[in-house]
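These are the residues of each chain, in order.
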Amino acid sequence: MTRKAALTRAQFEDRFFGVLRWVVIAFLAVITVLPFYYMVLLSLKPIDALLLDPGSLWVSAKDFTLATYRDVLKSTDSGGQGFMKFLINSALVSLGTVLLTLLAAVPGAYAVSRLKFFGRRQVSALFLAVYMFPATLLAVPLFVIFAKLGLSSSLFGLAVVYVAQTVPVSIYMLKNYLTTIPYSIEEAAALDGCSRLQTVRKVILPLALPSLMATGLYVFMIAWNEFLFALLFLAAEPDSWTVSLGLAQLSNGIEVSKTVLMAGSVVLTIPVVLLFFAAERLLTEGLTSGADKS
Amino acid sequence: MTTVPTGTPKRRDISPPSTGGPAPTGRRPMTASRRANRAGLAFVSPTFLVVLVVVVLPILWTVLLAFQDAKLVDIQGMSLLGNWSLDNFTQVFDSAGFWSSLNTTLIYTAGSTAGSVLLGLIAALALRTPFRGRGLLRAAMLLPYVAPVVAVAFVWEVALSPQYGIINNWGQRFFGWDDPLAFLSTRSYEVDFLGLHFGIPLALLTVIAFEIWRYFPFAFLFILARLQAVPDGLEEAALVDGATPTQRFRHILLPQLMPVIALLCVLRFILTFNKFDDVYLLTGGGAGTDLAAIRVYDFLTSRYDVGAAAAQALVLAISLMILLGLYFKFFGNKVQEES
């Protein structure tokens, strides 16, 4: 009797969750893809078309325009918004950040994952604790120091700040990967007469390439997307605006139409999304490695 | 690699073979560990230096600044140890809206954290077993997380706009809304329901929804990774025993997932508590979304009051530490054990 009841309950649940699962999947697809579709859609129509029919989810052939992109990308001298320059600035800052972060994080991650040294536990705890401090807490003194050093409106200064933001996560990601490389490989290299530094350069780094790329990608993403510090340090310096900052400032101008704003958003989003899709698997594995053991 | 740490360990460090007499026992492992120690310190020093200069020292300086009367204009000539006072703190605590902003921050953080982890869990469960297009959907679901905050904030702003936003347009067309809702500028939306009259903090709920939407992929990634590491045997055994899906989830999966969920909650709580840009871009801190982090920014940029900004940031950091301390006091042991 009870056995039968339990069975029907299992059947009911199986069926119920079987349906619910597809509802959830559809819901997730809608909430994640639709906003981005909406963004691209609006960027492709003139503002009148948007105001005339705000609820439409497509663009008719006669409305279709690329003028918004032309307006956003053209330099300010020729009446555009100068996003080409912002894109270059963002690329410089982000690539610089990736380079500096990896330079700072690789030796540290190696040491924490491999070498037993005095204070190792404290150092790895410190790196994680740093991650816990609010950006706003750092923003105040960095703002002041940079104002003093005259770095406050330079792209280099911004990259240095981003390094501080990204080093802890990078160490964490790299460390998780490095611990999976068998120690015996290093011992073999040592037997062949490699010094510790040579071992790292010739054996460990090539083996850790996927993790280096994943970490670099993540750092690039953070640097490309960052807004607070760019706003604090560069707001007065339109020549060194990053795309994020440029877009935010653009939105403050009342004469800029929303469709142009959306074109700017697309321009800002495309590089990082392309990069992400090119290396999606790498990034997700790099980020979550170690999560299954946590 | 161009950063050659100073004091790179040399191989010559190996102790010379001891001459005469039996070698003291344990000498060799001692030197090996000492070499590892020295190499470790050498390798970690560049990283440590960076963290020290760009993170630790600035934080210490914030603490100093918080006790000084520091305006941006006269900071040039200020000595590191100027006049000490508690003025900044009295100013912060006395200023209108401090407690309410702390309260708002708490609600915002707790709501966003719980929501994003929960939605991440649901998403991970739904995408657990393979189906056509799962890889594509999984990648697409990470879009809100990887896309720049400025861009997605504008999309939400446009979509929610009362004049030309698609949400209000559809709401009026298909759901019979009487008036367009100003999602991002309504502090309290008055509702009459079953004879009760109450206000919904619409703007705050909207920014919480935004935060959930933006960060659930992060939780999803971690929970999915953990789900895939759950041994098959466990669930098969439960299946043979006739456990229903809810029972299997409750008694098999959830205990396995608990450590990663706890970790995600702590992590998201910390990061959301200090969040600035998302809400600043959406509402500018108006309409009941005056988060503490936005007040720090306001002190810094509109009044150039560095001291007050530092004090406010410090208060924020200390509140967070107290909350975390409480959490680990009550739940910490459990988390530690399970990890």
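Residues numbered from 1 in each chain as written. Chains lettered and ligands numbered in written order. Predicted model: local features only at pLDDT ≥ 70, side-chain atom pairs only at ≥ 80, totals over all residues. Heavy atoms only, no water.

As named in an unreviewed UniProt entry, chain B is Sugar ABC transporter permease, taken from Streptomyces cadmiisoli. If you open the UniProt record of chain B and go to Sequence similarities (unreviewed entry), you find "Belongs to the binding-protein-dependent transport system permease family." (UniProt positions renumbered as here; feature names shortened; annotations may be inferred.)

Named according to an unreviewed UniProt entry, chain A is Carbohydrate ABC transporter permease originating from Streptomyces cadmiisoli. Recorded in UniProt under Subcellular location (unreviewed entry), the annotation for chain A is "Cell membrane". Note on chain A: under the UniProt heading Sequence similarities (unreviewed entry), the record states "Belongs to the binding-protein-dependent transport system permease family."

Trainee: Explain the overall build of chain B here, please?
Mentor: When helices and strands are tallied, chain B shows 13 helices and 2 strands. By residue count, 50% of the 339 residues in chain B fall in the buried class. Put simply, 63% of the contacts in chain B that link residues at least 6 apart link residues at least 24 apart. When the accessible surface of chain B is totalled, it reaches about 16,500 Å², and 64% of it is carbon and sulfur. (Helix = DSSP H or I, 4+ residues; strand = E, 2+ residues; numbered from the N terminus. Buried < 20%, exposed > 50% of the residue type's maximum accessible area, 1.4 Å probe, protein only. Contact = heavy atoms within 4.5 Å. Areas by Shrake-Rupley, 256 points an atom, 1.4 Å probe, with all protein chains shown as cover.)

Trainee: Would you explain the side chain of Thr269 of chain A in this entry?
Mentor: Mapped onto the fold, Thr269 of chain A is located in helix 13 (residues 258–278). Residues in contact with Thr269 of chain A, not counting those within four places in the same chain, are Phe36 and Met39 of chain A together with Ala147, Pro148 and Ala151 of chain B.

Trainee: Teacher, can you tell me more about the packing of helix 3 (residues 98–126) of chain B against helix 8 (residues 202–228) of chain B here?
Mentor: Two numbers describe a pair of packed helices, the interaxial angle and the distance between the axes. Residue and element names in this part refer to chain B. Two elements in contact, helix 3 and helix 8, have axes whose closest approach is 6 Å; the angle formed by their N-to-C orientations is 40°. Here helix 3 is positioned oblique relative to helix 8, judged by the angle of their axes. Considering how the two elements wind past one another, helix 3 and helix 8 form a crossing that is right-handed. In the contact of helix 3 with helix 8, the residues fall into 19 nonpolar, 6 polar and 1 charged. (Axes fitted to C-alpha atoms, helices over the stretch in contact; angles between N-to-C directions. Parallel < 35°, antiparallel > 145°, perpendicular 65-115°, else oblique. Left-handed = near helix turned anticlockwise from the far one by under 90°. Nonpolar A, V, L, I, M, F, W, Y, C, P; charged D, E, K, R; others polar.)

Trainee: Just to check I follow, could you spell out the pairing of strand 1 (residues 189–193) of chain B for this structure?
Mentor: Regular strands place side chains that alternate from one sheet face to the opposite one. Residues and elements named next belong to chain B. Relative to strand 2 (residues 196–200), strand 1 is paired through 5 bridges, and the arrangement is antiparallel. Within strand 2, the position partnered with Tyr189 by the bridge is Ile200. Two successive antiparallel strands, strand 1 and strand 2, enclose a turn made up of 2 residues, where Leu194 displays a positive phi of approximately 50°. (Pairing = 2+ DSSP bridges.)

Trainee: Teacher, can you tell me more about helix 10 (residues 209–225) of chain A here?
Mentor: Every α-helical turn comprises 3.6 residues, leaving residues that sit three or four positions apart pointing alike. Between its terminal C-alpha atoms helix 10 of chain A stretches 24 Å, which fits the 24 Å expected from 17 residues at 1.5 Å a residue. Most of helix 10 of chain A sits out of view: 13 of its 17 residues are buried. (Expected span 1.5 Å × (residues − 1).)

Trainee: Could you clarify how one ought to interpret the UniProt feature "domain: ABC transmembrane type-1" (unreviewed entry) in chain B in this entry?
Mentor: The UniProt record marks residues 102–327 of chain B with the feature "domain: ABC transmembrane type-1" (unreviewed entry), using the residue numbering of this structure. Within the segment residues 102–327 of chain B, helix and strand shares are 72% and 4% respectively, and the terminal C-alpha atoms sit 18 Å apart.

Trainee: I keep staring at the confidence of the model for chain A and nothing clicks. Help me out?
Mentor: Segments scoring low in pLDDT should not have their predicted coordinates read at a detailed level. Per-residue pLDDT for chain A averages 83, and the proportion of residues at 70 or more is 93%. Of all helices and strands in chain A, the one with the weakest mean pLDDT is helix 5 (residues 120–132) of chain A (70), whereas helix 10 of chain A scores best (90). (pLDDT = per-residue confidence, 0-100.)

Trainee: Mind showing me how you'd approach the UniProt feature "transmembrane region" (unreviewed entry) in chain B here?
Mentor: Residue and element names in this part refer to chain B. UniProt records the feature "transmembrane region" (unreviewed entry) at residues 40–64, 106–127, 139–156, 193–216, 252–271 and 306–328, using the numbering of this structure. Between the end C-alpha atoms of residues 139–156 the distance is 21 Å, and the span holds 83% helix and 0% strand. Secondary structure across residues 193–216 divides into 62% helix and 25% strand, with the first and last C-alpha atoms of the span separated by 31 Å.

Trainee: Teacher, can you tell me more about the nonpolar core here?
Mentor: Among soluble globular proteins, nonpolar side chains are generally buried collectively. Core analysis: the largest hydrophobic core is formed by 191 residues, its most contacted members being Leu28, Phe229 and Phe233 of chain A together with Leu127 and Val150 of chain B. In terms of residue count, the dominant contributor to this core is helix 8 of chain B (17 residues). (Core = buried A, V, L, I, M, F, W, Y, C linked by side-chain atoms within 4.5 Å.)

Trainee: When you look at the pattern of salt bridges in this model, what are you seeing that I'm missing?
Mentor: Summed over all chains, the structure comprises 6 salt bridges over all chains. The salt bridge involving Arg138 of chain B is made with Glu280 of chain A; its shortest N-O contact spans 3.4 Å. Linking Arg138 of chain B in helix 4 (residues 134–141) with Glu280 of chain A in helix 14 (residues 280–288), this pair reaches from one chain into another. For the pair Arg138 of chain B and Glu280 of chain A, a shared accessibility class is recorded, and that class is buried. Asp277 of chain B is paired through a salt bridge with Lys275 of chain B; the nearest N and O atoms lie 3.7 Å apart. (Salt bridge = Lys/Arg side-chain N within 4 Å of Asp/Glu carboxyl O.)

Trainee: Can you help me understand the UniProt feature "transmembrane region" (unreviewed entry) in chain A in this one?
Mentor: Residue and element names in this part refer to chain A. The UniProt record annotates "transmembrane region" (unreviewed entry) at residues 20–40, 86–113, 125–147, 153–174, 203–221 and 260–279. Across residues 86–113, the secondary structure splits into 100% helix and 0% strand, with the terminal C-alpha atoms separated by 39 Å. Secondary structure content for residues 203–221 is 95% helix and 0% strand, while the C-alpha to C-alpha distance between its ends is 28 Å.

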